[in-house]
Amino acid sequence: MNGCVRRAGSDGGRSLDATQIADRVSPSTVQVVVAFEASGQVTELDPNMNKLVDSLRGQIVPGRTTKEEAGEILFNAFYSDPGRYLTEGEQRNINKKLYSLGTGFIITPDGYVLTNAHVVEPNEQELEKAAVDSLTELVGEQATEIGRAVEQLLPGQQVQPEAIERLRSVLAEQYAGRSRFHYSREVRIILPSAHGDTINQVRQLNCEVEKIGEPMPGKDIAILKIDGNDLPTVPMAESISAGGVRAGADVFVMGYPGSVSVFPEFTLVSSIQPSMTVGHVSGVKDMSGGWQVIQMDAAINPGNSGGPVLNNRGEAVGLATFQLVGTQGVNFAESIDLARQFLNDLKVHPRESEFTQKYDQALVEYEKSGHGHALRLFRELAATHPDLSAPREFVNELSPEKANAQKRDQVSATARPHHQSRALLLLVLLGLLMFGIIAIAIAAQR
């Protein structure tokens, strides 16, 4: 048996509510941050305004053609054959750092982590498009110039901004198609643990990509490895069948939605805590490649990719992966069965850490009337695992003297300016959020 074995004193497979599951899984649900260094060249493009305007004479008639119609005619002409109106110029060197943000969860005490393949290795075309975004100002100026040239055929009228924006997208695609980049990748894990509200007090770990599949519609699984000992772990169901995955069953999704990470009014400490959404299994679907995905109505957002999808026993039954464009509540998770195939290839056996066993025992005591022996158990865990926030938080909650000290610290921290460190994190995560949206779109559109 390769699964995480629940020993005596833990939950023993009993049904848990959403709060209990969040308490148990939060310490082992981590952010996956991937930095791509993109270097390469882009061919500058010079729009031939005269040729474009001449081709539109007769289609755009002053006094008869509306500005809405003119915008549509302009877009269709340019979109159908953009190369006809663009002249290649000099090569421009580009160096840019791109970010991908996702979620993962630890499954062994020594630091094996599950996430999605598209989090750590997005589609190369999307990477190139993101790199070319560094030419946003140039592309925007060129799109505006094209619009102004066409306005010569519409005295007293302007081409609509929507048409200019569509032109900008076409130009960006043309630049991306004429670009060549090389990428280097660095993957880091951020644990939901910090000793203060500055970046250097957040626990970040380097990690290696041990095995990776392919973004949807491929097998969208990746296995990462961080260095660690007795790390918190998420238990895995043996299979979606053994985990009770069927239409109508409850599911719980843990993860790091990007919009929450960048909201400027949240403290850094709270922004690195995972969020939970709750829903139901809508069904299990068969992929043409021969594996299954879980359809669910639990919400997922950019940044959630790779996060654990859990049953009501707190066992991972899947990984939040993609949603269908133009739908609401039609979300999908790669199954834990597929994840186990990847783990078996590496001979990695998920197992519960000693920390998680003791932490679950402390939570069982905490949930008793009067909290039982929870304070003593949480204090022991806080002493043996000072880098983990969860035991400290329960000690602060249950210990009156520590709770009062914490309140004083919070008041003091409010009086101290911390905008500089927070602003730096926001600059990084804004990049992550923008790229995280692309990553979700890859899975959704293919």
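Residues numbered from 1 in each chain as written. Predicted model: local features only at pLDDT ≥ 70, side-chain atom pairs only at ≥ 80, totals over all residues. Heavy atoms only, no water.

### Digging into the overall build of the protein
Of the regular secondary structure elements, the protein holds 15 helices and twelve strands. Looking at the protein as a whole, 52% of its 446 residues qualify as buried. The long-range fraction of contacts in the protein, counting pairs at least 24 apart against all pairs at least 6 apart in sequence, stands at 76%. Accessible surface, the protein: about 20,400 Å² in total, of which carbon and sulfur atoms supply 48%. (Helix = DSSP H or I, 4+ residues; strand = E, 2+ residues; numbered from the N terminus. Buried < 20%, exposed > 50% of the residue type's maximum accessible area, 1.4 Å probe, protein only. Contact = heavy atoms within 4.5 Å. Areas by Shrake-Rupley, 256 points an atom, 1.4 Å probe, with all protein chains shown as cover.)

### Quick notes on the packing of aromatic side chains
Scanning the entire structure with this criterion turns up nine aromatic pairs. Among the aromatic residues, those joined into a ring-pair cluster are Phe355, Tyr359, Tyr366, Phe378 and Phe394. Cation over ring: Lys225 sits above Tyr112, and NZ or CZ is 5.5 Å from the ring centre. (Phe/Tyr/Trp six-rings, centres within 6.5 Å; stacked < 30°, edge-to-face > 60°. Lys NZ or Arg CZ within 6 Å of the ring centre and 35° of its normal.)

### What to know about the pattern of salt bridges
This model, assessed by the stated rule, comprises 15 salt bridges. Put simply, Arg185 and Glu121 hold a salt bridge, and the shortest N to O gap is 3.2 Å. Note that Arg185 is positioned in strand 4 (residues 179–194) and Glu121 in the loop between helix 4 (117–120) and helix 5 (124–132), a separation of 64 residues in sequence. On the basis of relative accessibility, which here comes to 37%, the residue Arg185 falls in the partly exposed class. We classify Glu121 as partly exposed; its relative accessible area is 37%. (Salt bridge = Lys/Arg side-chain N within 4 Å of Asp/Glu carboxyl O.)

### A short note on the pairing of strand 11 (residues 316–323)
The element strand 11 is largely enclosed, with a buried count of seven among its eight residues. With three bridges joining them, strand 10 (residues 308–310) and strand 11 adopt antiparallel strand pairing. Bridging from a neighbouring strand, Pro308 pairs with Leu319 of strand 11. Following strand 10, the chain reverses through five residues before pairing antiparallel with strand 11; Gly314 in that reversal takes a positive phi of roughly 80°. Examined bridge by bridge, strand 11 and strand 12 (residues 331–335) share five bridges and lie antiparallel to one another. Counterpart to Gln323 in the pairing with strand 12 is Asn331. (Pairing = 2+ DSSP bridges.)

### A closer look at helix 2 (residues 49–56)
Along helix 2, the residues classified as buried are Met49, Leu52, Val53, Ser55 and Leu56. Buried positions in helix 2, seen along its axis, are confined to an arc of 160° and lie on one side of it. Elements in contact with the buried residues of helix 2: strand 1 (29–47), helix 3 (67–80) and helix 6 (136–150). The backbone nitrogen of Asn50 has a side-chain oxygen 3.4 Å away, supplied by the residue at the start of helix 2, namely Asn48. (Arc of directions from axis to C-beta. Polar contact = N/O pair within 3.5 Å; in protein donor to acceptor, adjacent residues only side chain to side chain.)

### A short note on the nonpolar core
Formed by 70 residues in total, the largest nonpolar core has its most connected members in Phe78, Ile189 and Phe378. If we ignore the near neighbours within four places in the chain, the residues touching Phe78 are Leu52, Tyr85, Leu86, Ile146, Leu167, Val170 and Leu171. Counting 43 residues, the second-largest nonpolar core is a separate cluster that includes Ile221, Met287, Phe322 and Ile336. (Core = buried A, V, L, I, M, F, W, Y, C linked by side-chain atoms within 4.5 Å.)

### Some remarks on the confidence of the model for the protein
Mean pLDDT over the protein: 83, with 82% of residues reaching 70 or higher. Scored below 50 in pLDDT, residues 1–10 shows 32 contacts in the model against residues more than four places distant or in partner chains. Counting contacts from residues 410–446, a segment whose pLDDT is below 50, to residues more than four positions away or on other chains yields 66 contacts. (pLDDT = per-residue confidence, 0-100.)

### Things to note about the packing of helix 11 (residues 354–366) against helix 12 (residues 374–384)
Orientation of helix 11 relative to helix 12, taken along the N-to-C sense of each, is 155°, at an axis distance of 8 Å. For the element pair helix 11 / helix 12, the angle class is roughly antiparallel. When the axes of helix 11 and helix 12 are compared, the crossing they make is left-handed. For the pair helix 11 and helix 12, the contacting residues are Phe355, Lys358, Tyr359, Gln361, Ala362, Leu363, Glu365 and Tyr366 in the first and Ala374, Leu377, Phe378 and Leu381 in the second. Tallied by class, residues from the contact of helix 11 with helix 12 come to nine nonpolar, one polar and two charged. (Axes fitted to C-alpha atoms, helices over the stretch in contact; angles between N-to-C directions. Parallel < 35°, antiparallel > 145°, perpendicular 65-115°, else oblique. Left-handed = near helix turned anticlockwise from the far one by under 90°. Nonpolar A, V, L, I, M, F, W, Y, C, P; charged D, E, K, R; others polar.)

### Remarks on the environment of Arg351
By secondary structure assignment, the location of Arg351 is in the loop between helix 10 (336–345) and helix 11. Judged by its relative accessible area of 39%, Arg351 is partly exposed.

### Here's the deal with the packing of helix 3 against helix 7 (residues 161–177)
Between helix 3 and helix 7, whose axes approach to 9 Å, the crossing angle comes to 10°. The angle between helix 3 and helix 7 falls in the class roughly parallel. Contacts from Gly71, Glu72, Leu74, Phe75, Phe78 and Tyr79 in helix 3 reach Ala163, Arg166, Leu167, Val170 and Leu171 in helix 7. When its residues are assigned to classes, the contact of helix 3 with helix 7 shows eight nonpolar, one polar and two charged.

### Some points on the pairing of strand 3 (residues 112–115)
Successive residues of a regular strand alternate their side chains across the two faces of the sheet. Both faces of strand 3 are covered, namely the face carrying Tyr112 and Leu114 and the face carrying Val113 and Thr115. With two bridges joining them, strand 2 (residues 86–106) and strand 3 adopt antiparallel strand pairing. For Phe105, the partnering residue across the bridge sits in strand 3 and is Leu114. Hairpin remark: strand 2 followed by strand 3, antiparallel, with five residues in the connecting loop; positive phi at Gly111, about 105°. By the bridge criterion, four bridges tie strand 3 to strand 6 (residues 222–226) in an arrangement that is antiparallel. Bridge assignment links Thr115 to a residue of strand 6, and that residue is Ala222.

### Overview of helix 11
Relative to the 18 Å expected for 13 residues at 1.5 Å per residue, helix 11 spans 18 Å between its end C-alpha atoms, a close match to the ideal helical length. Every buried residue belonging to helix 11 is among Phe355, Thr356, Gln357, Tyr359, Asp360, Ala362, Leu363, Glu365 and Tyr366, and all of these are buried. (Expected span 1.5 Å × (residues − 1).)

### Considerations on the side chain of Ser26
Here Ser26 lies in the loop between helix 1 (18–25) and strand 1. Under the relative-accessibility criterion, Ser26 is labelled buried at 18%. Of the polar contacts made by the side chain of Ser26, one reaches the backbone oxygen of Ala22; its length is 2.6 Å. Those residues in contact with Ser26 that lie beyond four places of it in its chain are Pro192, Met254 and Pro274.

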